[in-house]
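# Topology and contacts: notes
Here are the chains, one letter per residue:
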Number of protein chains: 2
Amino acid sequence: MAEQGTQNQVSSGESLLFLTDEQLRRGIEAMFFAYRGFTADPDRILENLAYGRAHHRAIHFINRTPGTTVNNLLAILGVTKQSLNRVLRTLVEDGLVESRVGTRDKRERHLYLTEQGVSLERELSDAQRTRMRAAFRKAGPDAVTGFRTVLEQMMDPEMKRHYLAATEGSK
Amino acid sequence: MAEQGTQNQVSSGESLLFLTDEQLRRGIEAMFFAYRGFTADPDRILENLAYGRAHHRAIHFINRTPGTTVNNLLAILGVTKQSLNRVLRTLVEDGLVESRVGTRDKRERHLYLTEQGVSLERELSDAQRTRMRAAFRKAGPDAVTGFRTVLEQMMDPEMKRHYLAATEGSK
DNA sequence: AGCTTATGTCAGCCTTGTTGACTTTCCAAG
DNA sequence: CTTGGAAAGTCAACAAGGCTGACATAAGCT
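With that out of the way, let us pick up the relation of the copies chain A and chain B. Taken together, a rotation about one axis and a shift along it account for how the two chain copies relate. With an RMSD of 0.0 Å, chain A superimposes on chain B once it is rotated by 180 degrees and translated 0.0 Å along the axis. This pairing of chains is accounted for by a two-fold axis. Taking C-alpha positions as reference, the residue of chain A nearest the rotation axis is Phe147(A), located at 1.8 Å. When the interface residues of chain A are mapped onto chain B, 100% of them are again interface residues, pointing to one common binding face.

This is the structure in structure tokens:
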């Protein structure tokens, strides 16, 4: 729908070579292939355990924001409560996550990683960070800035909100 | 495992502020949130049809390299032949993909999009490109260069090979 | 007291990944 | 010319992790 055409070479006097359909296709494939690498290392660790990527995501965000509520996690992860609950239940059963009844509002459950949970989180994020660190180092600081700028623009506004929320003061 | 510590401020005389664990965490979350945005638009189109993301990927790479073999597609997508075959079968049945027996090697099947397939590919990639284009435009050419540099470094070497294979001459 | 919110749970469905076993086709080496 | 093995396809069974719908409970709010 709404074919924009294959020519974007010149627009309003500026050279916009980086906006050709071919360049956009490259960007699309870069996202596809890079995301595979991005998840490959934690996936390898998780397949030995009884967990999957969904558990990793839950653990990551509970670690990032200890005491977060189920509802908040739901908004960040963008899945249904049934999906999240299935994951959360196994994590609580296995003693990786603790679910405490809220003090102010007793309907809410606040989620925390146990020692064991923190330990797995560290193992997973170390694996992921190692690859990210190598990529950042080879690419250099300017490339990293560009990387994050583009990704931020690619997010849905709602997701960008969640992204920025945990980023305050660490610009 | 192998905790690298939280300090990377100074290493071999250079300031490497962009390599702190906090910066890496930001990079990790940027990938997570951005990938969601990246797939959101095509996903919305696909859910009305009887197709999913797996169909989109197959269609994309058949369109990129018409006449590619099943084996080649297998290597690019990184799934089992049974998984791919299920997807390919429905696409052939629905008349979006044509599977031609190889002329040189008759065991191979060469895959092509039909008119209908090209049409769906265009609809999906237009949706995806529109978001990518907006992101690239707001971020600017230097950011786009950095974006691609980092993503390239993040790929598995095998995947990088596939990425670069379709990129020759369009640097 | 009654509505709303937060959470949990059961049941069932879909897509997409997996493994294992087996067949057909056909190139190529002995 | 036979035979080994590669390429492709198929069937069956299974699992993870999405989804919807329905319903239960507790607690906050009006």
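Quick look at helix 2 (residues 53-64) of chain A now. The first and last C-alpha atoms of helix 2 of chain A sit 16 Å apart over twelve residues, in line with the 16 Å expected at 1.5 Å per residue. Along helix 2 of chain A, the residues classified as buried are His55(A), His56(A), Ala58(A), Ile59(A), His60(A), Phe61(A), Ile62(A) and Arg64(A).

Describing an aromatic ring pair means giving the distance of the ring centres and the angle of the ring planes. In total, this model carries 13 aromatic pairs over all chains according to the counting rule given. Centre to centre, the rings of Phe136(A) and Phe147(A) are 5.6 Å apart; their planes meet at 70 degrees, and the pair counts as edge-to-face. Separated by eleven residues along the polypeptide, Phe136(A) in helix 5 (residues 115-139) and Phe147(A) in helix 6 (residues 141-154) bring together distant segments of the chain. As far as burial versus exposure is concerned, Phe136(A) and Phe147(A) are alike and both buried. Look at Tyr35(B) and Phe38(B): their rings are 5.3 Å apart centre to centre, the planes differ by 45 degrees, and that puts the pair in the tilted class. Of this pair, Tyr35(B) and Phe38(B) both sit in helix 1 (residues 21-48), separated by three residues, roughly a single helical turn. Phe38(B) matches Tyr35(B) in its accessibility class, with the two residues each being buried. Counting every residue linked through ring pairs, the aromatic cluster contains Phe32(A), Phe33(A), Phe61(B) and Tyr163(B). The lysine or arginine in question, Arg100(A), covers the ring of Tyr112(A), its NZ or CZ lying 3.8 Å from the ring centre.

Rules of the game
- Along each chain, residue indices are assigned from 1 in the same order as the chain's sequence is written.
- Here chains are named by letter from A upward and ligands by number from 1 upward, in the order in which they appear as written.
- Predicted model: local features are reported for residues with pLDDT of at least 70 only, side-chain atom pairs are reported and counted for 80 or more only, and whole-chain, interface and lining totals are derived from all residues.
- Computation of side-chain values: all heavy atoms of the structure, hydrogens and water removed.
- Copies overlap after least-squares fitting; the atoms used are the C-alpha atoms of residues with pLDDT of at least 70 in both.
- In this analysis, two residues are considered to be in contact whenever any of their non-hydrogen atoms come within 4.5 Å of each other.
- The helix count covers DSSP runs of H or I at least four residues long, the strand count covers runs of E at least two residues long, and both are numbered beginning at the N terminus.
- In a helix, the anticipated span is given by 1.5 Å times the number of residues less one.
- Using a 1.4 Å probe on the protein chains alone, a residue whose accessible area is under 20% of its type maximum counts as buried, one over 50% counts as exposed, and one in between counts as partly exposed.
- Stacked, edge-to-face and tilted are the three classes for Phe, Tyr and Trp ring pairs, Trp counted by its six-membered ring, which pair at centre distances within 6.5 Å; planes under 30 degrees apart are stacked, over 60 edge-to-face, the rest tilted.
- Any Lys NZ or Arg CZ found within 6 Å of a ring centre and within 35 degrees of that ring's normal is scored as a charge over the ring.

Functional significance is not addressed by these values, which are geometric in nature.
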